[in-house]
Amino acid sequence: MKKLIDLVAEEMAEAFEAAGYDRSLARVTLSNRPDLCEYQCNGAMAGAKQYKKAPIAIAGDVAARLADNKYIGEVQAVSPGFINLTVSKKAAADYLNEMQAEEGLGVEKAKEPQTILIDYGGPNVAKPLHVGHLRSAIIGESLKRIARKMGHLVLGDIHLGDWGYQMGLIITELRSRKPGLPYFDEGYEGGYPSEAPFTIEELEEIYPTASAKAKEDEAYREEALHATYLLQNGHRGYTAIWRHILDVSVTDLKKNYANLNVEFDLWKGEADAQEFIPDMIERLKAEGYAHIDEGALVIDVHKEDDTKEIPPCMIQKSDGASLYGTTDLATLVQRERDYHPDQIIYVVDKRQELHFVQVFRAAKKTGIVPERTALKFLGFGTMNGKDGKPFKTREGGVMRLEDLIAGIEEEMYKKIAENRTVEEGEAKETAKVVGMSAIKYGDLSNQASKDYVFDVDRFTSFEGNTGPYILYTIVRIKSILNKYKEQGGSLSGLLVGEAGSGSEKALMLEIARYNEVMETAYEELAPHKICAYIYDVANAMNRFYHETKILTEEDEAVRRSYIALLSLTKDVLEACTDVLGFSAPERM
Ligand code: ARG
């Protein structure tokens, strides 16, 4: 469905042309003075020089052509040359009714759907999820849902960190604790147990212990590095342990991500890319893309017009070991082979930007990825505590994701229990659902690249620009619609009528922006634009609600129109919260 603003702009273009002016002058924007008008066009000022005429004269000519236009309500030429206008009441109502009737509420799906792979989450196996992983999961999940709404084929890949030094550390620590296990018996040729020799709790304790030991003890560190090396070169027993680590971790990760309402299509990891490395390196050497520099194998990726130095992308250390970049390039080999994606979007901490600049350039230069494939890096900022430093526990340690979520739920529960008389079980459930909105909205309402302060008090508030406020608005609508049904009304076949008040018209125009906002959020990879939008919708809705008697409106036709408008408002809000990855409870 065409965007409302484009429909208005087309009428404006026709009017410019009919009045004898260039139609390209007819750019229409949302008014920044909603008290004066809804849309405005400054084209008359831009045309003044070209036509050697006072802008107000041009504006007057154009405005005259817009009188009696079916889309335009009021139109005014205002000094020094603005054209201010409103959408006609009928056009606004018709537009909303068409939205309601259309699948996807008027969002125009891509004519040529793309295959888009989103690399997000990126947890490191065997290490507990911490808040740093929260942002990637929340933002990536939202982008995935937005792109799907736009009709694209989207695959979310968790890209596990499952192949590094942490594996060697765990193996080393396990060996020092349980040297009798068959994995450590070099002469052993039998099968290995299917049961892991540790639980997730033990695993989460083993890793930090080993990591701390390695920092103190040089010999221990050497041993862990050697274990990593052996694992990476196919050691049988270590490979079996690695599989156990992976199984135990993935089971736990799945539970954690399910709690966050985050779902991956692909559970691939760094380890899956390893088989592509030898051939890739061979080819890069043979075709002259890679050369030895101070013992290491590198690909030059600097460009003439770089303003800062971009060092070469290193793909093999002098001891033959591969690196983070090698794995990312090999992952691209595999992704290209299996999916031919049109776009790959990486949602990763912005401090990794240089790494991705190097990898993207190397991938394009060497033809690992064809020129037409868009490689995008969406770098996010740090989540800070109120002290402005990276979010920590009260004791100063790294905050675990589970604890963070539990803390928010507790805070939410307190608020819900203190305000209302609901039964404990329901209050707990509601606290979960609303808590999710507090976390996700608190994160997504900031532009991804910015650092932000995780402020539990603010995020869990029912007032202001918060997730709970949005949900509260949806619940309010649900409750009105339910009452309407209880009074014998039916929600089917209702149509929105012409607005009878300013607040009703304002709400209608907000609703009409839905398709435009979804498209922009997709194009700019910007979930925060959806947050800003639903905040506007919720405010417009609450203003309308406070100024209007809805269920007690006596004129039945008007009452039905109100209900139609509320029902569409709910659909739009829910479509938006859905792409943000949370939803409203029935009551709160
Ligand atoms: N595991 C990495 C980390 O925690 C993030 C992975 C990002 N994705 C990628 N393809 N490199 O830092």
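The structure we're discussing is the one just above.
Residues numbered from 1 in each chain as written. Predicted model: local features only at pLDDT ≥ 70, side-chain atom pairs only at ≥ 80, totals over all residues. Heavy atoms only, no water.

**Let's talk about the pattern of salt bridges**
For clarity, the cut-off: A carboxyl oxygen of Asp or Glu within 4 Å of a side-chain nitrogen of Lys or Arg is what we treat as a salt bridge. Three exposure classes are used, based on accessible area relative to the maximum for each residue type with a 1.4 Å probe and protein chains only: buried under 20%, partly exposed in between, and exposed over 50%. Helical segments are the DSSP runs of H or I of at least four residues, strand segments are the runs of E of at least two, and each set is numbered from the N terminus.
This model, assessed by the stated rule, comprises 45 salt bridges. Ionic pairing is found between Arg33 and Asp35, a salt bridge with its closest N-O pair at 2.8 Å. In this structure Asp35 comes out as exposed when scored by relative accessible area, which is 56%. A salt bridge links Lys478 to Glu586; the nearest nitrogen and oxygen atoms lie 2.9 Å apart. Linking Lys478 in helix H17 (residues 467-486) with Glu586 in the segment after helix H21 (556-580), this pair joins segments that are 108 residues apart in sequence.

**Side note on the packing of helix H5 (residues 131-149) against helix H19 (residues 514-523)**
Rules: Between N-to-C directions, angles span 0 to 180 degrees; the directions come from axes that are lines fitted to C-alpha atoms, helices contributing only their stretch in contact. Working rule for angles: under 35 degrees goes down as roughly parallel, over 145 as roughly antiparallel, 65 to 115 as roughly perpendicular, anything else as oblique. Each crossing gets its handedness from the near helix: less than a right angle anticlockwise from the far helix is left-handed, clockwise is right-handed. Here a residue-residue contact requires only that any non-hydrogen atoms of the pair lie within 4.5 Å. When residues are sorted by character, Ala, Val, Leu, Ile, Met, Phe, Trp, Tyr, Cys and Pro go into the nonpolar class, Asp, Glu, Lys and Arg into the charged class, and all the rest, Gly among them, into the polar class.
Close contact between H5 and H19 brings their axes to 9 Å; oriented N to C, the two are set at 125°. It follows that H5 is oblique to H19 by the angle criterion. The handedness of the crossing between H5 and H19 comes out as left-handed. Seen from H5, the contacting residues are Ile146, Ala147 and Lys149; seen from H19, they are Tyr514, Met518, Ala521 and Tyr522. Here the contact of H5 with H19 is composed, by residue class, of six nonpolar, no polar and one charged.

**Overview of the nonpolar core**
Soluble, globular proteins show a tendency: their nonpolar side chains are buried together. Note the following rule: Only buried Ala, Val, Leu, Ile, Met, Phe, Trp, Tyr and Cys residues count toward a nonpolar core, and they belong to the same one when joined by side-chain atoms within 4.5 Å.
Grouped together as the largest cluster of nonpolar side chains are 161 residues, with contacts concentrated most on Met12, Phe16, Val62, Leu96, Leu404 and Tyr514. Sequence-distant contacts of Met12, defined by excluding residues within four places in its chain, comprise Ala26, Val28, Cys41, Val62, Leu66, Ile83 and Leu85. In this structure, Ile310, Ile315, Leu329 and Val348 belong to the second largest nonpolar core, which totals 30 residues.

**Examining the packing of aromatic side chains**
This is how it is decided: Ring pairs shown here join Phe, Tyr and Trp side chains whose ring centres sit within 6.5 Å, with only the six-membered ring taken for Trp; geometry is labelled stacked below 30 degrees between planes, edge-to-face above 60, and tilted in between. Think of it as a cone above the ring: NZ of Lys or CZ of Arg counts as a charge over the ring if it is within 6 Å of the ring centre and within 35 degrees of the ring normal.
Throughout the structure, instances matching the rule amount to 18 aromatic pairs. Measuring from centroid to centroid gives 4.9 Å for Tyr21 and Tyr51, while their planes differ by 80°, and the two rings are edge-to-face. With Tyr21 in the loop between helix H1 (4-18) and strand S1 (28-30) and Tyr51 in helix H2 (residues 43-51), the pair connects residues that are 30 residues apart, well separated along the chain. Seen from their ring centres, Tyr188 and Tyr192 are 5.4 Å apart, and the 45° between their planes marks the pair as tilted. The class for Tyr188 is partly exposed, based on a relative accessible area of 27%. By the ring-pair criterion, three or more aromatic residues cluster together here, those being Tyr120, Tyr257, Phe264 and Trp267. Of note, Lys428 hangs over the ring of Tyr413, and the distance from its end group to the ring centre comes to 4.8 Å.

**A word on the environment of Asn384**
Residue position: Asn384 is located in strand S12 (residues 383-384). Remark: the alpha-carbon pair of Asn384 and Phe454, spanning 70 residues in sequence, is separated by 5.9 Å. Sequence-distant contacts of Asn384, defined by excluding residues within four places in its chain, comprise Lys389, Pro390, Phe391, Asp451, Tyr452, Val453 and Phe454.

**Concerning the layout of surface pockets**
So the rule is basically this: Think of a 1 Å grid over just the protein atoms. A cavity is a set of points where a 1.4 Å probe fits yet cannot get out, a pocket is an open set with protein on both sides within 12 Å along at least five of seven lines, and lining residues have an atom within 4 Å of a point. Grid points are joined across faces, edges and corners, and a volume is the space filled by probe spheres set on the points.
Approximately 610 Å³ is the volume attributed to the second largest pocket. Secondary structure elements with two or more residues in the lining of the second largest pocket: strand S4 (82-87), helix H18 (502-512) and helix H20 (527-547). With five residues, H18 is the largest single contributor of residues to the lining of the second largest pocket. For the lining of the second largest pocket, the residue count by class is nine nonpolar, six polar and eight charged.

**Side note on the packing of helix H8 (residues 218-232) against helix H9 (residues 236-259)**
Where H8 contacts H9, the axes come no closer than 8 Å and their chain directions differ by 95°. With respect to H9, the axis of H8 lies roughly perpendicular. When H8 is examined against H9, the residues Ala227, Leu230 and Leu231 are found in contact with a partner set consisting of Tyr238, Thr239 and Trp242.

**Concerning the site of the ligand**
Spelled out, the test is: Throughout, near means a residue has at least one heavy atom within 4 Å of the molecule or strand. Pairs of N or O atoms within 3.5 Å make up the polar contacts considered here, provided that, within protein, one atom can donate a hydrogen while the other can accept it, and that residues adjacent in sequence are counted only when both atoms are side-chain atoms. All accessibility values rest on the Shrake-Rupley procedure with a 1.4 Å probe; residue burial counts only the protein chains present in the view.
The full set of residues close to the ligand is Asp119, Gly122, Asn124, His133, His159, Tyr324, Asp328, Tyr346, Val348, Gln352 and Phe356. A distance of 2.9 Å is found between a nitrogen atom of the ligand and a side-chain nitrogen or oxygen belonging to Asp119. Note that an oxygen atom of the ligand is positioned 3.0 Å from one of the side-chain N or O atoms of Gln352. Here the ligand has 350 Å² of accessible area as a free molecule, and 86% of this is covered by the chains. When the residues that make up the shell around the ligand are grouped by side-chain class, the tally is four nonpolar, five polar and two charged.

**Focus: the sheet that holds S4**
Definition in use: Only strands that DSSP links by at least two bridges are regarded as paired with each other.
The sheet built from four strands is open, its strands ordered S1-S2-S4-S3 with antiparallel pairing. If you trace the sheet from one side to the other, it starts and ends with S1 and strand S3 (72-78), each paired once. Recorded for the sheet is a direction-independent mean angle of 25° between the axes of neighbouring strands. Direction of pairing for S3 relative to S4: antiparallel, over a ladder of five bridges. From the neighbouring strand, Ile72 faces S4, where its bridge partner is Val87.

**A look at the side chain of Ser561**
Its place among the elements puts Ser561 in helix H21. A relative accessible area of 7% places Ser561 in the buried class. A polar side-chain atom of Ser561 sits 2.9 Å from the main-chain amide nitrogen of Gly497. Once residues lying within four places of it in the same chain are set aside, the contact partners of Ser561 are Leu495, Val496, Gly497 and Glu504.

**Structural notes on empty space enclosed by the protein**
Counted by the stated rule, this structure contains three cavities of 30 Å³ or more. The wall of the largest cavity is formed by Asn124, Val125, Ala126, Lys127, Pro128, Leu129, Ile200, Glu204, Ser249, Asp252 and Leu253. Put simply, the parts of the chain that give the lining of the largest cavity at least two residues each are helix H7 (200-216) and H9. Of all the elements, H9 adds the most residues to the lining of the largest cavity, at three residues. Classifying every residue of the lining of the largest cavity gives six nonpolar, two polar and three charged.

**Thoughts on the environment of Val433**
Along the chain, Val433 turns up in helix H15 (residues 424-444). Given the relative accessible area of 26%, Val433 is considered partly exposed. In the structure, Val433 is positioned 121 residues away from Pro312 in sequence and 47 Å away in space, judged by C-alpha atoms. Residues in contact with Val433, not counting those within four places in the same chain, are Leu471, Ser583, Ala584 and Pro585.

**Describing the sheet that holds strand S8 (residues 296-299)**
A sheet is described by the order of its strands in space; here three strands give the open sequence S7-S8-S9, paired in antiparallel fashion. Strands at the two margins of the open sheet, each flanked by one partner only, are strand S7 (290-293) and strand S9 (313-316). Averaged over all neighbouring strand pairs, the angle between strand axes comes to 45°, with direction disregarded. Two elements, S8 and S9, share three bridges in a ladder whose sense is antiparallel. The residue bridging Leu297 from the neighbouring strand is Gln316, located in S9.

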